[in-house]
Amino acid sequence: MTGWAAVERYLVDTVVQPDEALTGAVDATAAAGMPAIEVTPTQGKFLMLLARIQGARRILEIGTLGGFSTIWLARGVPDDGLVDTCEYEQAHAEVARQNLDQAGEGHKVTIHVGAALDTLPTLTGPYDLFFIDADKANNPRYLDWAIRLSRPGSVIVLDNVVRGGTVLETNGDDAVRGTREALELLGSHPQLEATAIQTVGSKDWDGFAVAVVVAAAA
Ligand SMILES: C[S@@+](CC[C@H](N)C(=O)[O-])C[C@H]1O[C@@H](n2cnc3c(N)ncnc32)[C@H](O)[C@@H]1O
């Protein structure tokens with residue numbers, strides 16, 4: 001292993017130090033035949049720290065997969081905190097439930113199975129932190145829902161905004177189109193202050209955006 005991936009390995013081993021519940025969650029996700037598209041441990045721990053810095057008690061995640069990022073988010077809230085997470089695939093939700101329970105975080109987490117756009121209207125805000133990491137074509141819709149379910153001071157994280165540089169393609173696929181539209185919304189929405197950060201590592205060249213809600217909905 002060389003380059004970005006080797007540096008990430010070093011940072012994970014030296015700084016992040018994921019425990020057996022977290023490494024086991026990644027292994028169980030792979031063993032279930034699910035894609036290895038979870039966040040890296042460095043990003044997962046960043047989400048946990050962001051939740052703690054924010055003093056988050058209620059978190060909404062869109063895109064659960066096997067619950068790797070969900071475990072980190074759940075570890076960011078106090079023991080009576082709550083994480084709602086939306087997942088389309090029943091099979092993914094079942095693996096996530098097992099991983100969350102094994103990590104001792106299951107009591108904080110509700111997994112909503114189905115299309116997130118059907119679940120979101122049934123939820124009641126405000127949430128303190130949002131992590132958007134599902135079908136990228138719907139990113140603008142998810143961002144809109146996050147704003148509706150927010151309060152001034154809520155933080156929104158949107159994953160995979162660089163996509164190996166394909167975000168520059170003006171005629172890109174649905175994921176690129178959805179990501180570009182969401183980024184434009186982040187840059188122009190009167191209720192948001194936002195930035196976007198490029199990342200490299202085991203998941204190659206990508207990035208995430210972070211926004212804070214600065215005003216209440218009109
Ligand atoms: C990138 S993975 C999530 C990874 C997870 N956040 C992590 O880092 O561990 C995206 C997930 O979103 C789910 N998904 C895709 N379309 C969805 C939809 N319309 N509603 C809810 N979940 C969806 C996929 O089934 C997949 O499990």
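Residues numbered from 1 in each chain as written. Predicted model: local features only at pLDDT ≥ 70, side-chain atom pairs only at ≥ 80, totals over all residues. Heavy atoms only, no water.

*Asks:* I'd like a description of the site of the ligand, backed by residues and values.
*Replies:* Around the ligand sit 22 residues in total, of which Val-39, Gly-63, Ser-69, Glu-87 and Asp-133 are the nearest. Within the backbone of Tyr-88, a nitrogen or oxygen atom sits 3.0 Å from a nitrogen atom of the ligand. Here the ligand has 610 Å² of accessible area as a free molecule, and 89% of this is covered by the chains. Per-class residue counts for the shell around the ligand are 11 nonpolar, 5 polar and 6 charged. (Near = heavy atom within 4 Å. Polar contact = N/O pair within 3.5 Å; in protein donor to acceptor, adjacent residues only side chain to side chain. Areas by Shrake-Rupley, 256 points an atom, 1.4 Å probe, with all protein chains shown as cover. Nonpolar A, V, L, I, M, F, W, Y, C, P; charged D, E, K, R; others polar.)

*Asks:* Before we move on, can you summarise the packing of aromatic side chains with the specific residues and values?
*Replies:* With the rule as written, the count across this model stands at 3 aromatic pairs. Judged by centre distance (6.3 Å) and plane angle (90°), the rings of Phe-68 and Trp-72 are edge-to-face. With Phe-68 and Trp-72 both in helix 4 (residues 68-76) and 4 residues apart, the pair spans about one turn of that helix. The interplanar angle of 65° and the centroid separation of 5.8 Å between the aromatic rings of Tyr-127 and Phe-130 together place this pair among those described as edge-to-face. Relative accessible area serves as the criterion here: at 1%, Phe-130 is assigned to the buried category. Lying across the ring of Tyr-127, Arg-58 places its NZ or CZ 4.3 Å from the centre. One Lys or Arg, Arg-148, reaches over the ring of Trp-145 and ends 4.1 Å from the middle of that ring. (Phe/Tyr/Trp six-rings, centres within 6.5 Å; stacked < 30°, edge-to-face > 60°. Helix = DSSP H or I, 4+ residues; strand = E, 2+ residues; numbered from the N terminus. Buried < 20%, exposed > 50% of the residue type's maximum accessible area, 1.4 Å probe, protein only. Lys NZ or Arg CZ within 6 Å of the ring centre and 35° of its normal.)

*Asks:* Please give an account of the packing of helix 1 (residues 3-16) against helix 3 (residues 41-54) that cites residues and values.
*Replies:* For any two helices packed against each other, the geometry is given by the interaxial angle and the distance between the axes. Packing of helix 1 against helix 3 leaves a shortest axis separation of 9 Å and a crossing angle of 40°. Regarding the angle of helix 1 to helix 3, the classification is oblique. Contacts between helix 1 and helix 3 involve Glu-8, Leu-11, Val-12, Val-15 and Val-16 from the former and Pro-41, Thr-42 and Lys-45 from the latter. Among the residues forming the contact of helix 1 with helix 3, the class breakdown is 5 nonpolar, 1 polar and 2 charged. (Axes fitted to C-alpha atoms, helices over the stretch in contact; angles between N-to-C directions. Parallel < 35°, antiparallel > 145°, perpendicular 65-115°, else oblique. Contact = heavy atoms within 4.5 Å.)

*Asks:* Just give me the short version of the pattern of salt bridges, but keep the residues and values in it.
*Replies:* As enumerated under the stated definition, the model contains 12 salt bridges in all. Here Asp-128 ties to Arg-151 by a salt bridge, and the two come within 2.9 Å at their closest N and O atoms. Here Asp-128 is found in the loop between helix 6 (116-119) and strand 4 (129-132), whereas its partner Arg-151 is found in the loop between helix 7 (139-148) and strand 5 (155-159), with 23 residues between them in sequence. In this structure, the salt-bridge partner of Arg-148 is Asp-144, at a minimum N-O distance of 3.1 Å. One end of the pair is Arg-148 and the other is Asp-144, both in helix 7 and 4 residues apart, which spans about a single turn. With a relative accessible area of 33%, Asp-144 lands in the partly exposed category. Residues joined by salt bridges that share partners form a network here, namely Asp-19, Arg-75, Glu-105 and Lys-108. (Salt bridge = Lys/Arg side-chain N within 4 Å of Asp/Glu carboxyl O.)

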